[in-house]
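These are the residues of each chain, in order.
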Amino acid sequence: MTLPSDRAGISASDPVHDAEIAARLFLSSLAGFKGMVLRGASPARDAMVAALQDALTQAGQPVRRLPGHVDDERLLGGIDIAASLSSGRSVHQTGLLQQCAGGVLIVPMAERLDPAVSGKLAQALDTGDGPALVLLDDGSEDDDAPPANLLERCAFHCDLSTSRSRSVSDMEGSAAKPCAPLDSEAREALAGTAQALGIASLRPLLFAADAALAHALLAGRNHASKEDLAAAVRLVLAPRATQLPDFADTPPEDQPEPPPPPPDTGDQSDSEDQPVPDGPLEEMLVEAAKAAIPADLLAALAQGHAPRRVTGGGTGKRRKSGLRGKPLGARPGMPRGGMRLALIDTLRAAVPWQEVRRREANVGDDAPIQMRKSDLRIRRFEDKAARVTIFAVDASGSAAAARLAEAKGAVELMLAQAYVTRSEVALVAFRGEQAETLLPPTRSLTRARRALSELPGGGGTPLAMGLDEARACADAAAQKGRTPSLVILTDGRANLTRTGEPGRKQAGEDAIASAKAIARAGYDALVIDISARACPEGAALAQAMNARFLALPRADARQIHSAIEAVQPAGRAAA
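Residues numbered from 1 in each chain as written. Predicted model: local features only at pLDDT ≥ 70, side-chain atom pairs only at ≥ 80, totals over all residues. Heavy atoms only, no water.

## Regarding the sheet that holds strand E11 (residues 387-394)
Now for step 1: Strand order across the open sheet formed by six strands is E13-E12-E11-E14-E15-E16, with mixed pairing between neighbours. A single partner strand is all that each edge strand has here, and the edge strands are strand E13 (434-442) and strand E16 (548-551). The mean inter-strand angle of the sheet, taken between neighbouring strand axes irrespective of direction, is 15°.
Now for step 2: Summarising the sheet, E11 and strand E14 (residues 483-489) pair through seven bridges and their orientation is parallel. In the strand pairing of E14, Thr 389 is matched with Ser 485.
Now for step 3: Its contacts with the sheet place helix H20 (residues 463-479) against E11, strand E12 (423-431), E13 and E14, and it is angled at close to 25° to E13. (Pairing = 2+ DSSP bridges. Helix = DSSP H or I, 4+ residues; strand = E, 2+ residues; numbered from the N terminus. Axes fitted to C-alpha atoms, helices over the stretch in contact; angles between N-to-C directions. Contact = heavy atoms within 4.5 Å.)

Below, the structure written as C-alpha cells:
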C-alpha cells in the first residue's frame, strides 16, 4: 500500500486528501491507532466509509455498525432468552465488541452517543480486546461532538464537511513492517510542537510518533524523515490545537540554516562539545501544524478562544424516573410504587440458574421457570426536566420604559425556542412598593405577549422584594420538577426596604440578604446591569448571589437573549 497521489479534480487543500492518508495509516495498524473521527455529513465521508468497509472486507477483518439504541447485552454479550427458553439451558450470545474484535466498529451519530456506551467503548479500546472505532460526527455546531473520552483515544480527526469530493481512491490493508524508531531530535520536536499547540495529553503525542513511522513505511522508507514528521503533525496534532503557536522567538525567515555537524571522527569528546540544534525541525513542524489548522479555527485561536467540545442540550437537569423518559439499563428491585417490571431482563437473570433450581426442586426439564425474588428487575428511565427562565425586571425610575421594552423582547425571543428546548419563561416586575409575578412559567407566546403589553413602570426600587418574589417563583418551579434559572435586570441601587420603607442603606442590606438567600438555594442566576453607566452595586449583588454578572448599559432584546444563552452553557444546564 502506498500513499495516495493527487487525483484529477482533487486539490491537495481539499480535506479529503489528508483524510485518505489518515485512513491508510489507520488501516495499517488498527490496534495502534485505535480509531478515526469523520466529521461532517458529505458525499466525501460516505465514500470514505464505503472504501474503509471494502478494504476491511477484502482483508478478512470484521466490520459492524453500532445500532442507535444498543443495550449492554447487544454490545457486551449475554444470555439469549429465546434460545435458552427453547433449549431449557442457558445459551450465551456474543456481543458486538466480541463479534468485530480485531476489526472496526462504525458508530453513526457519535455526537449523540450515550455516556454509558462511550465508557464501555473506551474501556474496550484501552484493554485492546475490542475493535477500532470509526466515529461519524454529524454535529453542526462546535458544541456538538462525540464524547471526549473517545476523541482522546482516536488518533485521527478528519473534518470533511467542506470537502467537494464525491469519491476517494481505493484502499487496502497492509501488514506492519519494522521501522527504525524515531531519534531524540524527532521526539523532542514532536513534543515541542504539541506544547506549542496547547496539547497537554500524551496520547496524541504517541499517536503522532506512530503516524510518522507508518507514513514512512507507506512511502517506502525504513526511517522517518522531516516529511513524515510534518505529515504526523498535520494529521494528528493540528486538529487538536487549543492555542496559537507563539512565534515571538522565531528567527527571521531569511536567516541561513546552521552549518551541518562535522563528520563523526570517532572522537567522543569533540562531538559532545557541539550541541545538536533542535530549533529548525521544531519550527518546521509548528509551521506545518499552523498550515493545517482551518482558517476559522485559526482565527478563534488567535483571539484566545479554544474550541468548546461539550455535549448536551439546553434543557433542564437529568433525573432518574421509573415511568417515562429515555430508557436506561434495568436494575434489581421490586415492581411496586409505580415502578415497572423489566420482563426480558428478569428472564435473563433467571435463565442461567434453571438447571440448578430444578435439581433443587426435584422437577423435570419441562417444569415452569423457577423464579426468585433476586431475579426481578425494574425499568429505569431518564427524564429531562423543563428549564424555567425567570426574568426579574427593575421597573422603577425614568429608565423603566427602556428596560421593560428590552425585557419584553428578550422574553419573546426565549419563547420562540421554547418548543425546541422544552423551556418556559416567567416574568417578575418590582416597582413602587411591591413586587409581583406578572407572568407565571409558561410556553404560551400569546399569553406572554398579553402580559407583557400590560407591564407597568415607574416608582421606587424595592429590590429585596423583587429578589424574594423571584426566589419564590423559582421554589415553586423546582417543586414541580423544573430547573429554574434567574435573570435579574437592575442597576443594583435599591431605595426601598423589604417592608416598603424608604432608606438606601437598609434597602441595600435587605437586597444583599435576599441575594444570599438565592445563593443558598443553589439556583443558577445572572445579574444584568443595564444602567446608563456600570455601577459597583450590581457587581456586589451578583457576588452575594453567587451569580454571573454582565454590564450591558445599552443592551437591546437580542443582546440580552444572547447574553443569557452565553452564560447558561449547555454543559451546566444539563449537568
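## Concerning helix H9 (residues 184-196)
An α-helix turns once every 3.6 residues. As a result, residues three or four positions apart point the same way.
Now for step 1: For H9, spanning 13 residues, the distance from its first C-alpha to its last is 18 Å, which sits close to the expected 18 Å at 1.5 Å a residue.
Now for step 2: Within the span of H9, buried status applies to Ala 186, Ala 189, Leu 190, Gly 192, Thr 193, Ala 194 and Ala 196.
Now for step 3: Looking at the residues trailing H9, positive phi occurs at Gly 198, about 75°. (Expected span 1.5 Å × (residues − 1). Buried < 20%, exposed > 50% of the residue type's maximum accessible area, 1.4 Å probe, protein only.)

## Some thoughts on the pairing of strand E5 (residues 104-107)
Now for step 1: Both faces of E5 are covered, namely the face carrying Val 104 and Ile 106 and the face carrying Leu 105 and Val 107.
Now for step 2: The pairing of strand E2 (residues 63-65) with E5 spans three bridges and is classified as parallel. Bridging from a neighbouring strand, Arg 65 pairs with Ile 106 of E5.
Now for step 3: With respect to chirality, the unit in which E5 leads through helix H7 (residues 115-127) into the neighbouring parallel strand E6 (residues 132-137) is right-handed. (Right-handed = clockwise from strand over helix to strand, strands pointing away.)

## Regarding the packing of aromatic side chains
To describe a pair of aromatic rings, one takes the distance between the centres and the angle between the planes.
Now for step 1: Counting across every chain of the model gives one aromatic pair.
Now for step 2: Summarising the aromatic geometry, the rings of Phe 33 and Phe 156 are spaced 5.0 Å apart at their centres and angled 45° between planes, so their arrangement reads as tilted. In this pair, Phe 33 sits in helix H2 (residues 30-33) while Phe 156 sits in strand E7 (residues 156-159), placing the two residues 123 residues apart along the sequence.
Now for step 3: When its relative accessible area of 2% is taken as the criterion, Phe 33 is described as buried. (Phe/Tyr/Trp six-rings, centres within 6.5 Å; stacked < 30°, edge-to-face > 60°.)

## Some points on the packing of helix H1 (residues 15-28) against helix H10 (residues 203-218)
Now for step 1: Running from amino to carboxyl end, H1 crosses H10 at an angle of 95°, the nearest separation of the two axes being 10 Å. Classified by the angle between their axes, H1 and H10 sit roughly perpendicular to one another. Facing Ile 21, Arg 24, Leu 25 and Ser 28 of H1, the residues of H10 in contact are Ala 211, Ala 214, His 215 and Leu 218.
Now for step 2: Looking at the contact of H1 with H10 residue by residue, the classes come out as five nonpolar, two polar and one charged. (Parallel < 35°, antiparallel > 145°, perpendicular 65-115°, else oblique. Nonpolar A, V, L, I, M, F, W, Y, C, P; charged D, E, K, R; others polar.)

## Digging into unusual backbone geometry
Now for step 1: Phi is positive for Lys 34, which is not a glycine, with a value near 70°.
Now for step 2: Take Lys 34: it is sitting in the loop between H2 and strand E1 (35-39).
Now for step 3: A relative accessible area of 21% places Lys 34 in the partly exposed class.
Now for step 4: In this structure, Met 109 takes a positive phi of about 45° despite not being glycine.
Now for step 5: With respect to the helices and strands, the residue Met 109 is situated in the loop between E5 and H7.
Now for step 6: Assessed through its relative accessible area of 39%, Met 109 is described here as partly exposed.

## Focus: the pattern of salt bridges
Now for step 1: Counted according to the given criterion, the structure contains 16 salt bridges.
Now for step 2: Here Asp 468 and Arg 498 are joined by a salt bridge, their closest N and O atoms 2.8 Å apart. Separated by 30 residues along the polypeptide, Asp 468 in helix H20 and Arg 498 in the loop between E14 and helix H21 (504-521) bring together distant segments of the chain.
Now for step 3: We classify Arg 498 as partly exposed; its relative accessible area is 35%.
Now for step 4: Ionic contacts of the salt-bridge type, sharing partners, join the residues Asp 126, Glu 152, Arg 153 and Arg 203 into one network. (Salt bridge = Lys/Arg side-chain N within 4 Å of Asp/Glu carboxyl O.)

## Concerning the side chain of Arg 240
Now for step 1: Relative to the assigned elements, Arg 240 resides in the loop between helix H11 (226-237) and helix H12 (268-272).
Now for step 2: Although Arg 240 is buried, it makes no salt bridge; Glu 152 carries the closest opposite charge, 5.5 Å away.
Now for step 3: Within the local environment of Arg 240, its side chain forms a polar contact with the backbone oxygen of Cys 154, the two atoms lying 2.4 Å apart.
Now for step 4: Side-chain polar atoms of Arg 240 contact the backbone oxygen of Val 236, separated by 3.1 Å.
Now for step 5: When neighbours within four sequence positions are excluded, Arg 240 is seen to be in contact with Leu 151, Glu 152, Cys 154, Ala 155, His 157, Ile 199, Pro 204 and Phe 207. (Lys, Arg positive; Asp, Glu negative; His and termini not counted. Polar contact = N/O pair within 3.5 Å; in protein donor to acceptor, adjacent residues only side chain to side chain.)

## Some points on empty space enclosed by the protein
Now for step 1: Under the criterion given, the structure shown has two cavities of 30 Å³ or more.
Now for step 2: One number sums up the size of the second largest cavity: a volume of about 30 Å³.
Now for step 3: Lining the second largest cavity are Val 49, Leu 52, Gln 53, Leu 56, Val 63, Val 104, Ile 106 and Val 134.
Now for step 4: For the lining of the second largest cavity, the secondary-structure elements that each account for two or more residues are helix H3 (43-58) and E5.
Now for step 5: Considering every element that reaches the lining of the second largest cavity, the biggest residue donor is H3, with four residues.
Now for step 6: A breakdown of the residues in the lining of the second largest cavity according to their chemical character gives seven nonpolar, one polar and no charged. (1 Å grid on protein atoms, 1.4 Å probe; cavity = no way out; pocket = protein on both sides within 12 Å on 5 of 7 lines; lining within 4 Å. Points joined across faces, edges and corners; volume = space filled by probe spheres on them.)

## Observations concerning helix H16 (residues 354-361)
Now for step 1: Among the residues of H16, Gln 354, Arg 357 and Arg 358 are the ones counted as buried. Burial along H16 is one-sided: seen end-on, the buried residues are contained in an arc of 100°. What points out from H16, more than 90 degrees from its buried face, is the exposed set Glu 355, Arg 359 and Glu 360.
Now for step 2: Structurally, H16 contributes buried residues whose contacts are with helix H15 (343-350). (Arc of directions from axis to C-beta.)

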